[in-house]
Every structure is written in structure tokens, then in C-alpha cells.
Amino acid sequence: DWMPDEEIAAFDGLLDRAVARGLSRGRAGIFLSGGFDSVSVAAVATDLTRRAHQPDPLALSLGFPDPACDEQPVQTSVARQLGLPIHLQPFFEAAGPRGLLAEGLDLTRQLSAPLLNGWMPAYLSLARHAALEGVRTILTGEGGDEWLGTTPFLAADLIRRGYLRGLVQVARTWKRSYHQTWPTVVRGTLWRYGLRPLMGAA
């Protein structure tokens, strides 16, 4: 209801254009998880490269050892369905022989700000492999939660507008989507994604 028809109609073209910018520098790689965001980018990138007779993107995936978060069946299935080559590396192998913490601390020493993504050493291992394969740029699904869904910071906009019914709807959707208690949902809706960002902006 909050998105006009003309914006919906423009979405596919804008997504194509955004992905095409990433493909303009040469062969691309894609950090491919099992999530809808990176899968969508991979599908668009594959379509665009084949239409332009460019090399297929290289899927770059981490294999997590815990079955609760292991996406390898989806990752390999997506690569197979799209006909993409895939480099799937076990997480702890990608993290490096000294472990994620030691590798991350070494990496932080070289940065101008503290490392925000604790998994970066593992992703850098994928990126190094991609460079050996001739990959010039790597696409991700990062930010997809915002362009394929609604950010929880919508709560701040609803509070600013005094739209209580919409705020309740956001909380109910959150509760239905995640295994969290009502106190956690209410605190997140009212404070973390509502009043706190509004106070910060003020």
C-alpha cells in the first residue's frame, strides 16, 4: 500500500541497472548465501552477462559446519540451477589457520576503523580465490533486506507520524516472523528502531 504502482513497475529496471554497474569492470563474483537477497542478485547478474556474452559470474560461498545455519544445499542448488561455477569453502578453512579472532585482529591493525564484520577474514579468503580466477569485482546481497522488504526503522517513521495502528502492525509482523518474546519485540519496536533513532536524529 505504501509503494505507488509506478515505483513497483520501475523496480526490475533499477535492479538490472544496479547489477550492471557491478558487471562493468570485468568478470564478477557473487558472495552467494542461501538467502533471497544474494540469490536475486545472482539471477540478475547471470541473465545480464549471458545477454552481453560475458563470462558467467563465479559463485563464492562459505559452508558453515552447524546444520542450523548451513546453507550449502541451497547454495549448490542455486549455482546448479543458474549454471554457475561455484567455489564453496568450509568456514573454518576460510577463516585461516589461526582462527577467526586472531585473523580479525591482524586485519583490524591495517584498518582506519575497527572491523565491523567479524567474518571478514573468511570472506577475504573467498575474494583471494576469486582474484586468482580473474574476478574483478564481487557482488553481494547486502542491503537486500531494505530493497526487498521493509526495514524495522519504519517504526521510527510511524512514531513520528503518530500512526499507532501501523506501529502495532509492525510489532505483530515482527513477532510472527521471528522466534522472540513479546517483551523483546515491544522493546525493539518502541526503543531500538523507534524512539532511539528519533532521539539520535534530534
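Here, every reference points to the structure presented above.
Summary of the structure given here. (Residues numbered from 1 in each chain as written. Predicted model: local features only at pLDDT ≥ 70, side-chain atom pairs only at ≥ 80, totals over all residues. Heavy atoms only, no water.)

## Some remarks on the pattern of salt bridges
Phase 1 of the analysis: All told, the structure shown has six salt bridges when counted by the stated rule.
Phase 2 of the analysis: With its nearest N and O atoms 2.6 Å apart, the salt bridge here joins Asp47 to Arg51. Placement of the pair is Asp47 and Arg51 together in helix H2 (residues 36-51), with a separation of four residues, close to one helical turn.
Phase 3 of the analysis: By relative accessible area, which is 39% here, Asp47 ends up partly exposed.
Phase 4 of the analysis: Since its relative accessible area comes to 53%, Arg51 is described here as exposed.
Phase 5 of the analysis: With a shortest N-O distance of 2.7 Å, Asp106 and Arg109 are connected by a salt bridge. In this pair, Asp106 and Arg109 are both assigned in helix H5 (residues 100-109), three residues apart and thus about one turn of the helix distant. (Salt bridge = Lys/Arg side-chain N within 4 Å of Asp/Glu carboxyl O. Helix = DSSP H or I, 4+ residues; strand = E, 2+ residues; numbered from the N terminus. Buried < 20%, exposed > 50% of the residue type's maximum accessible area, 1.4 Å probe, protein only.)

## Some points on unusual backbone geometry
Phase 1 of the analysis: In this model, His53 sits at a positive phi of 55°, which is unusual for a non-glycine residue.
Phase 2 of the analysis: Inspection of the secondary structure assignment puts His53 in the loop between H2 and strand S2 (58-63).
Phase 3 of the analysis: Take His53: its relative accessible area is 76%, and that puts it in the exposed class.

## Side note on the sheet that holds strand S3 (residues 86-90)
Phase 1 of the analysis: Taking strand neighbours across the sheet as the criterion, the four strands line up as S3-S2-S1-S4 in an open arrangement whose pairing is parallel. Every other strand in the sheet has two partners, leaving S3 and strand S4 (137-139) as the edge strands with one partner each. Averaged over neighbouring strand pairs, the angle between their axes works out to 25° when direction is ignored.
Phase 2 of the analysis: Examined bridge by bridge, strand S1 (residues 28-31) and S4 share three bridges and lie parallel to one another. Bridging from a neighbouring strand, Ile30 pairs with Leu139 of S4.
Phase 3 of the analysis: Against the sheet, H2 makes contact with S1 and S4, and its axis sits at roughly 160° relative to S1, the strand it touches most.
Phase 4 of the analysis: Sheet strands in contact with helix H6 (residues 120-132) are S1, S2, S3 and S4, and its direction is about 150° off that of S2. (Pairing = 2+ DSSP bridges. Axes fitted to C-alpha atoms, helices over the stretch in contact; angles between N-to-C directions. Contact = heavy atoms within 4.5 Å.)

## So, the pairing of S2
Phase 1 of the analysis: In terms of residue burial, S2 counts as a mostly covered element, since six of its six residues are buried.
Phase 2 of the analysis: Here S2 shows no split at all, with Leu58, Leu60 and Leu62 on one side and Ala59, Ser61 and Gly63 on the other all buried.
Phase 3 of the analysis: With three bridges joining them, S1 and S2 adopt parallel strand pairing. Each bridged residue has a counterpart across the sheet, and for Phe31 the counterpart in S2 is Leu60.

## Details of the packing of aromatic side chains
Phase 1 of the analysis: Under the defined criterion, the tally for this structure stands at seven aromatic pairs.
Phase 2 of the analysis: For the pair Phe91 and Phe92, a centre-to-centre distance of 5.4 Å together with 75° between the ring planes defines the contact as edge-to-face.
Phase 3 of the analysis: Its relative accessible area of 6% is what places Phe91 among the buried residues.
Phase 4 of the analysis: Summarising the aromatic geometry, the rings of Phe153 and Tyr193 are spaced 4.9 Å apart at their centres and angled 80° between planes, so their arrangement reads as edge-to-face. Of this pair, Phe153 sits in the loop between helix H7 (144-147) and helix H8 (154-161) while Tyr193 is found in helix H10 (residues 182-201), placing the two residues 40 residues apart along the sequence.
Phase 5 of the analysis: Its relative accessible area of 13% is what places Tyr193 among the buried residues.
Phase 6 of the analysis: By way of ring pairs, the aromatic residues Phe64, Phe91, Phe92 and Trp119 are connected into one cluster. (Phe/Tyr/Trp six-rings, centres within 6.5 Å; stacked < 30°, edge-to-face > 60°.)

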